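Below are the chains, spelled out letter by letter.
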2 protein chains.
Amino acid sequence: MHKYFTITELTREFGVSTRTLRFYEDEGLIHPERRGRTRLFRSADRHLIKEILRGRRLGFTINEIREIIEIYKGPPGELGQLQLMMTRVAEKRKQLNQKRQDIEDTLSELDHVDEACLARLAELRVGS
Amino acid sequence: MHKYFTITELTREFGVSTRTLRFYEDEGLIHPERRGRTRLFRSADRHLIKEILRGRRLGFTINEIREIIEIYKGPPGELGQLQLMMTRVAEKRKQLNQKRQDIEDTLSELDHVDEACLARLAELRVGS
DNA sequence: ACTTTCTTTTACGTAAAAGTCAATTTTTTG
DNA sequence: CAAAAAATTGACTTTTACGTAAAAGAAAGT
């Protein structure tokens, strides 16, 4: 079960360029193996890419995405580190809740716009 | 009720710089009045700024924000324009729903991390 | 073996979204 | 009304997140 992905497979799957994936590697977000000079991506990398792109869609910067990814790497052993991590999780949660609220607000304004459009359409049909 | 806001009042309220607000004006997103050269913001501008920042938090580009703002400007009269607008609303809604899904996914991963942290904490308390 | 197609590295380029600085107004306040 | 504080404009700089091009090594089909 050691399926490898080539870089172009992944670029096609996710609709990003090779440059982008290499950039993420330079940034230390993913760590594909090498056979000679060629990169070999495993499903762990593939999953990381998914998470990176998710963060990107949400408007997180690379550094913020890095933070989130590091959080995912699982809880550390030491107490202080654990507490620090839980603080960070709380912070991210707060940001995400803010974004969620922003989305709800925007969606509800779009609803109003939609209603106004429908009303105007109805007017047009009756014939103004 | 013609309350005007000065630029610094607004920068303080929203935590942005004057440069930022001028930038938004240059981009045609807001249109403060002028008394001489000084900008006078009305509550309509203030509200627009809120929406701009909301879009910014969601990772929309200035152009995307501009699109959203233009949508808010109310339905046009002509049929073709109306249909175009409703298409655009549908697109934005789709983007927002994607973002919402991304948020849910991320939040639930953070939940797992949190649980793992708590579990580890419990272990530590028992004494490993 | 040859051509085509991938891939890599290196390096420079760029667009978006402001930040920063400097030189003037303009406004406010003592 | 003079001095200080705030605002404006314009130019230049910065950061982020890649794009693009060149040159060359590797793989794979014919």
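For the structure, see preceding data.
So, here is what we can say about the structure in this document. (Residues numbered from 1 in each chain as written. Chains lettered and ligands numbered in written order. Predicted model: local features only at pLDDT ≥ 70, side-chain atom pairs only at ≥ 80, totals over all residues. Heavy atoms only, no water.)

With respect to the interface of chain A and chain B
The figure often quoted for interface size is the accessible area lost as the parts come together.
Stage number 1. Opposite the 39 residues of chain A that make contact, chain B presents 39 residues.
Stage number 2. Of the roughly 4,000 Å² buried at the junction of chain A and chain B (both faces included), carbon and sulfur atoms supply 68%.
Stage number 3. With a shortest N-O distance of 2.9 Å, A:R100 and B:E104 are connected by a salt bridge.
Stage number 4. Looking at the side of chain A that touches chain B, the elements with two or more residues in it are α3 (43–57), α4 (62–72) and α5 (79–126) of chain A.
Stage number 5. Per element, the largest residue contribution to the side of chain A that touches chain B is 29 residues, and it comes from α5(A).
Stage number 6. A class-by-class count of the residues in the side of chain A that touches chain B yields 20 nonpolar, 5 polar and 14 charged. (Contact = heavy atoms within 4.5 Å. Buried area = accessible area lost by both parts, 1.4 Å probe. Salt bridge = Lys/Arg side-chain N within 4 Å of Asp/Glu carboxyl O. Helix = DSSP H or I, 4+ residues; strand = E, 2+ residues; numbered from the N terminus. Nonpolar A, V, L, I, M, F, W, Y, C, P; charged D, E, K, R; others polar.)

Describing the packing of aromatic side chains
All names here are of chain A.
Stage number 1. Here the structure, examined in full by the defined rule, presents 2 aromatic pairs over all chains.
Stage number 2. Geometrically, the ring pair formed by F23 and Y24 is tilted, given 5.9 Å between the ring centres and 50 degrees between the ring planes.
Stage number 3. The exposure class assigned to F23 is partly exposed, which follows from its relative accessible area of 31%. (Phe/Tyr/Trp six-rings, centres within 6.5 Å; stacked < 30°, edge-to-face > 60°. Buried < 20%, exposed > 50% of the residue type's maximum accessible area, 1.4 Å probe, protein only.)

Observations concerning the pattern of salt bridges
When charged atoms on two side chains of opposite charge get close, those side chains can pair.
Stage number 1. In the structure shown here, the tally under the stated rule is 27 salt bridges over all chains.
Stage number 2. One salt bridge in this structure joins A:E13 and A:R46, with 2.7 Å as the shortest N-O distance. Of this pair, A:E13 sits in helix α1 (residues 7–14) while A:R46 sits in helix α3, and the two are 33 residues apart along the sequence.
Stage number 3. In this structure A:E13 comes out as partly exposed when scored by relative accessible area, which is 39%.
Stage number 4. Given the relative accessible area of 21%, A:R46 is considered partly exposed.
Stage number 5. Of the charged contacts in the structure, one is a salt bridge between B:R120 and B:E123, with a shortest N-O distance of 3.3 Å. Of this pair, B:R120 and B:E123 both sit in helix α5 (residues 79–126), separated by 3 residues, roughly a single helical turn.
Stage number 6. Through salt bridges with shared partners, one network takes in A:E25, A:R34 and A:R39.

Some points on the protein's contact with DNA strand D
Stage number 1. Neighbouring DNA strand D are 18 residues, the closest being A:S17, A:R56, A:I62, B:T8 and B:R39.
Stage number 2. Restricting the count to atoms of DNA strand D within 4 Å of the protein gives a sugar and phosphate share of 70%.
Stage number 3. Contacts to DNA strand D include A:T20, whose side-chain N or O atom sits 3.3 Å from a phosphate oxygen.
Stage number 4. Those elements that provide at least two residues to the surface near DNA strand D are α2 (18–26) of chain A together with α1 (7–14), α2 (18–26) and β2 (38–40) of chain B.
Stage number 5. A total of 4 residues in the surface near DNA strand D trace back to one element, the largest contributor, which is α2(A).
Stage number 6. Residue classes in the surface near DNA strand D are distributed as 4 nonpolar, 6 polar and 8 charged. (Near = heavy atom within 4 Å. Polar contact = N/O pair within 3.5 Å; in protein donor to acceptor, adjacent residues only side chain to side chain.)

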